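Here is what each chain is made of, one letter per residue.
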Amino acid sequence: MTTSELTFYSGTKDKKVKMLSRGDVLDPLIAKFGERFRTYRSEWEKAGLGEGYLPEFPLFLDVEPEYKCNLRCVTCPHQDATKSPQYIKDRMSPEIFRKICEEGKRYGLPAISVSNNNEGLMEKYLTDYIEIAAENGVMDIFVGTNATLLTPELSEKLLTTSLTRLLVSIDAATPETYSIVRKSDKFELVVNNTRNFIEFRNRQGKSLPLVRVAMVQTSLNLHEAEQFTEMWTDVADIISLQRYIPFLGDSNVEDYLIPRGREKSDFKVCSPLWQRMTIRANGDVIACCHLANKLKVGNVLETSIHEIWHGEEMAYLRKTHLAGDYAKIPICKSCID
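Treat the numbers as computed from the prediction; the structure is a model and nothing was measured. (Residues numbered from 1 in each chain as written. Predicted model: local features only at pLDDT ≥ 70, side-chain atom pairs only at ≥ 80, totals over all residues. Heavy atoms only, no water.)

S.K.: Go over the environment of Thr82, please, and point to the residues and values.
M.R.: Along the chain, Thr82 turns up in the loop between β3 (60-63) and α3 (94-106). As for Thr82 and Tyr67, which are separated by 15 residues in sequence, their C-alpha atoms are 9.1 Å apart. (Helix = DSSP H or I, 4+ residues; strand = E, 2+ residues; numbered from the N terminus.)

Have a look at this one:
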């Protein structure tokens, strides 16, 4: 298959995430979960229009069980390790994660990521998190990884779980660019680990978990976007090309990683405010998925997710965006502009 034969769609209304796949990549999930999954995707699309439709409960929870990563990528606050303003030393216990999923079950939570701004394969209780989510009726279960730790043994283990999506961040098509962007010499290892995982899955006659490979496009790797797409066209289920968002969340800081001449988005409402929330290892709830984690709106150890979702802080953010005043919120301005 050539790249021109791939199905293209925007992963987000603002087109900051663009996806390429072979046909309808969600077919395996629809086959497994049926009408409930179709309803979820319909709700997702409706909530993402930026017209004010609010589901009763988040459709997706980004959970960060532990703030930890083994790489120091230039696009990420993890490059400063424990000195990062986002750093917290907490680790979420399976009991707290279960509490989150049990509340989600009461409202039919359809999707969850058991890793957010962290390396998913470093999580001590990773398989526990996955199965706790599945036991509580979550359909679509994500894990994000840089694939450096995706050994054959771990791959086989993950394929016995209820995981439905493995999101692999690579950001380069050559070892040279990978070493600059990811500050690592493990490009070949990452590529081989990812390919091997897909081969293991296919040999077992499985279509899940879906494997998505991603490139966050910056001034350092934009020239390899086409090459990246070509190298994964007949391998990965989804190829994701993502717009770089300055991870500091400060619109007053000039970021050299933003490609010159990049067009501004013409969609000025943050769809995730109506679709999802982030929960950190210490229970803090962040209004969106921005890496800066600046918009704290509550804590699940003190207040229910449902109350936070319908609380004053979230209502203010949504009202401000609908009024076109997103620039009043510095982190929103840095993301949308």
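S.K.: Any chance you could break down the side chain of Ser334 for me, citing the residues and the numbers?
M.R.: Turning to its location among the elements, Ser334 is positioned in helix α11 (residues 330-336). A distance of 2.8 Å separates a polar atom in the side chain of Ser334 from the backbone oxygen of Ile331. Apart from residues no more than four positions distant in its own chain, Ser334 is found in contact with Pro246, Gly249, Asp250, Ser251 and His290. (Polar contact = N/O pair within 3.5 Å; in protein donor to acceptor, adjacent residues only side chain to side chain. Contact = heavy atoms within 4.5 Å.)

S.K.: Quick rundown of the pairing of strand β9 (residues 276-279)? Include the residues and the values.
M.R.: Burial of the side chains of β9 extends over both faces: Arg276 and Thr278 are buried on one face and Met277 and Ile279 on the other. As paired strands, β3 and β9 are joined by four bridges and run parallel to one another. Paired with Val63 across the bridge in β9 is Ile279. Relative to strand β10 (residues 284-286), β9 runs antiparallel, the two sharing two bridges. From the neighbouring strand, Ile279 faces β10, where its bridge partner is Val285. (Buried < 20%, exposed > 50% of the residue type's maximum accessible area, 1.4 Å probe, protein only. Pairing = 2+ DSSP bridges.)

S.K.: I'd like a description of the packing of α3 against helix α4 (residues 126-135), backed by residues and values.
M.R.: Viewed as axis vectors pointing N to C, α3 and α4 meet at an angle of 25°, and their least axial separation amounts to 9 Å. Relative to α4, the element α3 lies roughly parallel. Here α3 and α4 pass one another in a crossing that is right-handed. For the pair formed by α3 and α4, the contact residues are Pro94, Phe97, Arg98, Cys101 and Lys105 on the first element and Tyr129, Ile132, Ala133 and Glu135 on the second. When grouped by side-chain class, the residues that make up the contact of α3 with α4 number six nonpolar, no polar and three charged. (Axes fitted to C-alpha atoms, helices over the stretch in contact; angles between N-to-C directions. Parallel < 35°, antiparallel > 145°, perpendicular 65-115°, else oblique. Left-handed = near helix turned anticlockwise from the far one by under 90°. Nonpolar A, V, L, I, M, F, W, Y, C, P; charged D, E, K, R; others polar.)

S.K.: Go over α3, please, and point to the residues and values.
M.R.: Taking 1.5 Å as the rise per residue, α3 with 13 residues should run 18 Å; its terminal C-alpha atoms sit 18 Å apart, in good agreement. By the burial criterion, the buried members of α3 are Pro94, Phe97, Ile100, Cys101, Glu103 and Gly104. Gly108 sits one or two residues past α3 and shows a positive phi near 70°. (Expected span 1.5 Å × (residues − 1).)

S.K.: Summarise the environment of Ala225; cite the residues concerned and give the values.
M.R.: Its place among the elements puts Ala225 in helix α8 (residues 225-232). With a relative accessible area of 11%, Ala225 lands in the buried category. Separated by 52 residues in the primary sequence, Ala225 and Ala173 have C-alpha atoms spaced 7.7 Å apart. Here Ala225 is in contact with Met215 and Gln217, once residues within four sequence places are set aside.

S.K.: Outline unusual backbone geometry, listing residues and values.
M.R.: Leave glycine aside and you will find that most residues have negative phi; peptide bonds, for their part, are mostly trans. For the bond from Leu208 to Pro209, the omega torsion is 0°, close enough to zero to count as cis. Its place among the elements puts Pro209 in the loop between α7 (187-203) and β7 (210-217). Backbone geometry at Ala81 places phi at a positive 50°, although glycine is not the residue there. According to the relative accessible area criterion, Ala81 is partly exposed, its value standing at 25%.

S.K.: Go over the environment of Tyr316 with me, naming the residues and quoting the values.
M.R.: Here Tyr316 lies in helix α10 (residues 312-322). Expressed as a C-alpha distance, the spacing of Tyr316 and Asn221, which sit 95 residues apart in the sequence, is 37 Å.

S.K.: Go over the packing of aromatic side chains with me, naming the residues and quoting the values.
M.R.: Geometrically, a pair of aromatic rings is defined through the distance of the ring centres and the angle of the planes. Summed over the entire model, instances satisfying the criterion amount to nine aromatic pairs. When the centroid spacing of 5.5 Å and the interplanar angle of 80° are considered together, the rings of Phe37 and Tyr40 count as edge-to-face. One end of the pair is Phe37 and the other is Tyr40, both in helix α2 (residues 35-47) and three residues apart, which spans about a single turn. Taken individually, Phe37 and Tyr40 each receive the classification buried, so the pair is uniform in this respect. Ring geometry for Tyr67 versus Tyr87: centroids 6.1 Å apart, planes at 75°, classification edge-to-face. In this pair, Tyr67 is assigned in the loop between β3 and α3 and Tyr87 in the loop between β3 and α3, connecting sequence segments 20 residues apart. For Tyr87, a relative accessible area of 32% translates into the label partly exposed. By way of ring pairs, the aromatic residues Phe37, Tyr40, Trp44, Phe60 and Phe142 are connected into one cluster. (Phe/Tyr/Trp six-rings, centres within 6.5 Å; stacked < 30°, edge-to-face > 60°.)

Note that all results are geometric; they support no functional claim without further evidence.
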